[in-house]
Amino acid sequence: MPSALPAAWRPHVERNLPRYTSYPTAVSFEPAEGEGETRAWLASTRTDQAISAYVHVPFCKRLCWYCGCHTSVFHEYDRVRAFYQTLRLEVDLWADAMGPHAGAAHLHFGGGSPNALSPEDFIGLARHMIERFRLRPGAEVAAELDPGMLTEAFIDAAGEAGVTRVSLGVQTFDPEVQAKVNRIQPFGMVEAASNRLRKAGVAAINFDLMYGLPGQTPDNVAASTAAAVTLRPDRVAVFGYAHVPWMKKHQVMIREADLADVAGRWEQAEAADETLLAAGYVRIGLDHYALPGDPLAMAAAEGRLRRNFQGYTDDPAPVLVPIGPSSIGRFAEGFVQNAITTDIWGREVEAGRLPVARRQRVTAEDDLRAAVIERLMCDLAVDVGAVCRQHGFDPSVLDESIRAAAALQADGLCQVAGRRIRIPAAASRLMRVVAACFDAYLPLTVKRHALAV
């Protein structure tokens, strides 16, 4: 029986808060004034620094009504083929502008659905990136794939391209919920895809599950999670559906009457959590789970867990190169985001310009706050004074934020001793509430974030 939402926590659950995949968060980014600043940041990459790259493929073969991604459905492959050719040009632009570096430690293909690309084009893109960014030995090559549209030919292509980890968008196995969100993919389909991927040489399989979808209950969330773990995915992420039809027009297809309230969402998330822990998975941060021997679980146990735009990661690279429309990159000096629409992005690339549309310079204080927030989100604990000293600040500089966190103690969300903060495991789903105490930008951006649970 999943635990009910404590009454004292309900006001916190109903807050709109960032997921803190970056700090400052993307909603704070400002318009970029050309590409010059980004080129200067790229050129400053050091020879001892590893890099990572994220590729956004903004196409799907079907539109799921819960989707919050920047994507569109295509009907003729010519459109995707033209996009692929432009994507290769963009890879060259970033690679040519970058200073000498220590090679790529991580390549990540997301979307949309990267398997919207043909098998041949996916291989071509992966090989081009591996060549231009110089893949390091032991590097991870990951792809997020739609199992309902995954062909054997694409699975073979993933193996041939050197993909080491695949995340399958499972979401739910309940047929009624699948029908309500326009994503039909029976258990047998996901099972066959998982087995075939492993036979093709993809060593690690992740599943993405969801709660808060229309028609979901604690019972059918637990049943879907129980079915998922019989396939022994290496990692499982459990995300809450964000209902924002004013931003994503297709979500009007979802009836609000079919959605649980915050207490129901809490119980659904608890049902997934209890099922995963009982199956031997380790809880990692806000919404990830992994088998004990998985690198992410080991990174969490050793204090090496990181957080970036793909969620939790063990990727240590300080530079993230953005490829494709809407992709976000990270450099020592700040963040950049590519043009969101495919047409504007394509025009910039074809004109020989880096397609950056927004950017956010980071200050020394931003880096300090980011470090505190990351440790809270990854470790559920932080010594704020120690982090301040590591960043060259007086230990007292964030005392106002610590006092804000201390005010949450009465509700059991955290424990504060001096400048040390710890979040109890029972309150881990509300870690963003504690992390938000250190967010100097939040008062200006709060209306643009989803619910805390």
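Everything below is about the structure shown above.
I will try to describe carefully the structure that is included in this document. Computed from a prediction, not measured in an experiment: that's the story for all the values here.

Notes on the overall build of the chain
What the chain contains, in helices and strands, is 16 helices and 20 strands. Rg of the C-alpha trace for the chain: 21 Å, near the compact-globule value of 22 Å for 453 residues, within the 12% margin. Overall size of the chain, expressed as C-alpha extent along the three principal axes, is 60 × 50 × 40 Å. Looking at the 453 residues of the chain, the share that counts as buried comes to 57%. If you take every contact in the chain between residues at least 6 apart in sequence, the share linking residues at least 24 apart comes to 74%. Entry remark: accessible area of the chain is about 18100 Å², with carbon and sulfur atoms responsible for 54%. Here the chain contributes 47 positive and 53 negative side-chain charges, whose respective centroids are spaced 1 Å apart.

Some remarks on helix α2 (residues 36-43)
Because the α-helix completes a turn every 3.6 residues, residues three or four places apart line up on one side. Taken together, the buried positions of α2 are T38, W41 and L42. Projected down its long axis, α2 carries its buried residues within an arc of 100 degrees, all on one side. Structurally, α2 contributes buried residues whose contacts are with α3 (77-97), β15 (328-331), β16 (334-338) and β17 (356-361).

Some words on helix α4 (residues 119-133)
Across its 15 residues, α4 extends 21 Å between first and last C-alpha, which sits within 8% of the 21 Å expected from 1.5 Å per residue. Those residues of α4 that sit buried are P119, D121, F122, I123, G124, L125, A126, H128, M129 and F133.

A word on the environment of P6
Looking at the secondary structure, you find P6 in the segment before α1 (10-13). Among the residues examined, P6 registers a relative accessible area of 31% and is labelled partly exposed. Separated by 257 residues in sequence, P6 and A263 have C-alpha atoms that sit 8.9 Å apart.

Details of the packing of α3 against α4
In the contact formed by α3 and α4, the axes pass within 10 Å of each other and the chain directions differ by 5 degrees. Here α3 lies roughly parallel to α4, going by the angle between them. Contacts between α3 and α4 pair Y77, R81, Y84, L87, R88, V91, D92, W94, A95 and D96 from the former with D121, G124, L125, H128, M129, R132 and F133 from the latter. A class-by-class count of the residues in the contact of α3 with α4 yields nine nonpolar, two polar and six charged.

Some points on the pattern of salt bridges
Once the charged atoms of two side chains with opposite charge are near each other, the side chains can pair. For the structure shown, the criterion picks out 31 salt bridges. For R81, the salt bridge is made with D121, and the minimal N-O distance between the two is 2.7 Å. Residue R81 is located in helix α3, and its partner D121 is located in helix α4; the two are separated by 40 residues in the primary sequence. Through salt bridges with shared partners, one network takes in E30, E37, R359 and R361.

Description of the state of the cysteines
Inspection of every chain in the model, using the stated rule, returns zero disulfides. Among the cysteines around C64, which has no disulfide bond, C67 carries the closest sulfur, lying 6.6 Å off. Taking relative accessible area as the criterion, C64 reaches 6% and is therefore assigned buried. Its sulfur unpaired, C437 is 6.9 Å from the next cysteine sulfur, which belongs to C414.

Points about the pairing of strand β14 (residues 319-323)
Most of β14 is tucked away, with five of its five residues classed as buried. Alternating positions in β14 separate into two faces, V319, V321 and I323 on one and L320 and P322 on the other, with burial throughout.

How each quantity is defined
Residues numbered from 1 in each chain as written. Predicted model: local features only at pLDDT ≥ 70, side-chain atom pairs only at ≥ 80, totals over all residues. Heavy atoms only, no water. Helix = DSSP H or I, 4+ residues; strand = E, 2+ residues; numbered from the N terminus. Rg over C-alpha atoms; globule rule 2.2 N^0.38 Å. Buried < 20%, exposed > 50% of the residue type's maximum accessible area, 1.4 Å probe, protein only. Contact = heavy atoms within 4.5 Å. Areas by Shrake-Rupley, 256 points an atom, 1.4 Å probe, with all protein chains shown as cover. Lys, Arg positive; Asp, Glu negative; His and termini not counted. Charge placed at Lys NZ, Arg CZ, Asp CG, Glu CD. Arc of directions from axis to C-beta. Expected span 1.5 Å × (residues − 1). Axes fitted to C-alpha atoms, helices over the stretch in contact; angles between N-to-C directions. Parallel < 35°, antiparallel > 145°, perpendicular 65-115°, else oblique. Nonpolar A, V, L, I, M, F, W, Y, C, P; charged D, E, K, R; others polar. Salt bridge = Lys/Arg side-chain N within 4 Å of Asp/Glu carboxyl O. Disulfide = S-S within 2.5 Å.

Just geometry here; none of it tells us what the structure is for.
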